[in-house]
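# Observations on the model geometry
One-letter residues, chain by chain:
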Amino acid sequence: MMVTVNETLERLSAFGGELVKVIGLLAWRFENRSLESTAVAERGERSTLWLEVDDETPAMDEGMLIRWSGKRVVVSGILRAPDPKFGGCGHFSMWPAELLVRSIRRD
C-alpha cells in the first residue's frame, strides 16, 4: 500500500515500526534529506518526513538523488516516531517522524 506524507503522519501510531511506501517530493541536500507532501493545499509547517540512512540502506547514487530534489518519488522505509527526549527527528529535531530508507525510486 502506498500512502502520502500526511497520511503517514496521521497514522504514525499505527504504522510506526512498519515498512511503508510513501509518495512525496524529495529534498536531498545539506542538512535536509526529507520527503514533503506533494499536494500544495495539504502542506503544513510539519508535513514532511526526515529520511534516515543506515548500514542496511542499499547504496544510493548521491548525485542522482540531488538531481531528483523537487521531484515526485516513492520511498520505501521503516517509519519511526521521534525519540521523546528530542520531540522530533533529523537535523535539529525539525521533522515530526522519519523513514529509515530502504529504497527510493522516481514516481
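Described in the following lines is the structure provided in the data block. (Residues numbered from 1 in each chain as written. Predicted model: local features only at pLDDT ≥ 70, side-chain atom pairs only at ≥ 80, totals over all residues. Heavy atoms only, no water.)

## Remarks on the environment of Arg11
Going by this rule: In DSSP terms, a helix is any run of H or I states spanning at least four residues, a strand is any run of E spanning at least two, and both are numbered starting from the N terminus. Burial here depends on accessible area, computed with a 1.4 Å probe over protein chains only, as a share of the maximum for the residue type. Under 20% is buried, over 50% is exposed, and the range in between is partly exposed. Residue contacts follow a heavy-atom distance rule, with two residues in contact if any of their heavy atoms lie within 4.5 Å.
Structurally, the position occupied by Arg11 is in the loop between helix H1 (5–10) and helix H2 (12–15). Classification of Arg11 as partly exposed rests on a relative accessible area of 36%. Taking the C-alpha atoms as reference points, Arg11 and Met64, 53 residues apart in sequence, are found 30 Å from one another. With near-sequence residues (within four places) excluded, Arg11 lies in contact with Met1 and Val3.

## Here we look at the nonpolar core
How we decide: Here, nonpolar core means buried Ala, Val, Leu, Ile, Met, Phe, Trp, Tyr and Cys residues that are tied together by side-chain atoms lying within 4.5 Å of each other.
Residues Val22, Leu35, Leu51, Val75, Leu79, Leu99 and Ile104 are the most contacted members of the largest nonpolar core, which totals 20 residues. Contributions of two or more residues to this core are made by H2, strand S2 (19–29), strand S4 (48–52), strand S5 (72–80) and strand S6 (98–106). In terms of residue count, the dominant contributor to this core is S2 (four residues). The residues touching Val22, leaving out its near neighbours within four places in the chain, are Val3, Thr4, Val5, Thr8, Leu35, Leu49, Val73, Val74, Val75 and Leu99.

## A short note on the pairing of S5
Quick reminder of the rule: Here the rule is simple: two strands pair whenever DSSP picks up at least two bridges between them.
Inspection of the sheet shows S2 paired to S5 by seven bridges, in the antiparallel sense. Paired with Val20 across the bridge in S5 is Gly77. Note: S5 against S6, eight bridges, orientation antiparallel. Bridge pairing in S6 places Ile78 opposite Leu100.

## Some details on the pairing of strand S3 (residues 32–36)
Both S2 and S3 contribute to a ladder of five bridges, which runs antiparallel. When the bridges of S3 are listed, Trp28 appears paired with Arg33. If you look at the hairpin formed by S2 and S3, you'll find two residues sitting between the two strands, and Glu31 has a positive phi there, around 60 degrees. With three bridges joining them, S3 and S4 adopt antiparallel strand pairing. By the bridge assignment, Ser34 is partnered in S4 with Trp50.

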